[in-house]
Amino acid sequence: MIININTGPEMPIAVDTEQLPILFVCSHERSGTHFLMNTLAANTKYTAQPYINFDYVPLGNLVNFYSSQSVLNFATSLDQLKSKEERRYVSSIIKSHHPVDTFEKCFNNERVALLYIHRNPLAVLHSFWAFLHNWEWREGPKSGNFRDFVLSPPEGQLMRYQHSSFDTMIARWASHTSEWLKASETHKNVIAVSFESLRSSPEACLRKITNKLGVPMLPTFTEPSREDYIKGANMTATAEQLLEVKEVIRAQLSKYPEAMKLLDR
């Protein structure tokens, strides 16, 4: 006997009557992704309630994440939504941690916008170290020592976000960030966003973003909550350990000059 089962959950998507480009917010994990999404949601027609998680759940049966053509097809399908035969524009932000070549076919497409938020690697990896210890499954390397974590090879479920292997977690971050920053310099719809700038001057930073997107900000600026994100385990390296790891990272970044600039921000 053969029976049919539902292989995918329903996916709520917010839509609007106002024309908006399909918006991806991309990042290496723990780079301020939700802070940027929430800032956009509080001050534009875009929303993070609900956002679209660009991942195997819920999209594994719809998108081949290793085919940039499949990714473009997905974005195009979202851009052609209709309700009762009337055009609707997706206002849900799409969140992704994938490398830049995932979106190669989307480059310079005026209906797709790609924001890439980047952050000081010491802060990123310190947060990621604690985050990975928050889960009972093997999301990534779990080491009780922060220095050992930075120098560990990637493993576990996080490897779905990389297209090649890396010797260390810092090399994984450096490759991810460097390639996205390069793309932002050569493709008009790829916009790099500094987490530090967004944190210190959120309104000015967002105004630059929306000007590039060609979408208006709401009349009154609203600062989003800075606590609305998934917390990691209660783990903190000492000041001495942080200084030691910073120099370890500096040595590892010698092959990545674009990424090296972010270390001393």
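Whatever comes next refers back to the structure up there.
We now turn to the structure provided with this report. Values in this document were obtained by computation on a predicted structure and should not be read as measured data.

Thresholds applied
Residues numbered from 1 in each chain as written. Predicted model: local features only at pLDDT ≥ 70, side-chain atom pairs only at ≥ 80, totals over all residues. Heavy atoms only, no water. Phe/Tyr/Trp six-rings, centres within 6.5 Å; stacked < 30°, edge-to-face > 60°. Helix = DSSP H or I, 4+ residues; strand = E, 2+ residues; numbered from the N terminus. Buried < 20%, exposed > 50% of the residue type's maximum accessible area, 1.4 Å probe, protein only. Pairing = 2+ DSSP bridges. Contact = heavy atoms within 4.5 Å.

Within the structure shown, the criterion is met by 14 aromatic pairs. Ring plane angle 5 degrees and centroid distance 5.0 Å describe the contact between tyrosine 116 and tryptophan 180, whose orientation is recorded as stacked. Placement of tyrosine 116 in strand 8 (residues 112–118) and of tryptophan 180 in helix 6 (residues 169–186) is noted, with a sequence separation of 64 residues between them. Residue classification places tryptophan 180 among the buried residues on the basis of a relative accessible area of 0%. When the centroid spacing of 5.2 Å and the interplanar angle of 35 degrees are considered together, the rings of tryptophan 129 and phenylalanine 146 count as tilted. Placement of the pair is tryptophan 129 in helix 4 (residues 121–132) and phenylalanine 146 in helix 5 (residues 146–150), with a sequence separation of 17 residues. A relative accessible area of 4% means that tryptophan 129 is categorised as buried. Ring pairs connect the aromatic residues Phe24, Phe54, Tyr56, Phe65, Phe74, Phe103, Tyr116 and Trp180, which therefore count as one cluster.

What follows covers the pairing of strand 9 (residues 190–194). Looking along a regular strand, one sees side chains alternate from face to face of the sheet. In terms of burial, strand 9 is a largely internal element, four of the five residues being buried. Here five bridges tie strand 8 to strand 9, and the two strands are oriented parallel to one another. What sits directly across from leucine 115, in strand 9, is isoleucine 191.

It is worth spelling out the side chain of serine 143 at this point. Inspection of the secondary structure puts serine 143 in the loop between helix 4 and helix 5. With a relative accessible area of 14%, serine 143 lands in the buried category. Those residues in contact with serine 143, other than ones at most four positions away along the chain, are Trp129, His133, Asp148, Phe149 and Met235.

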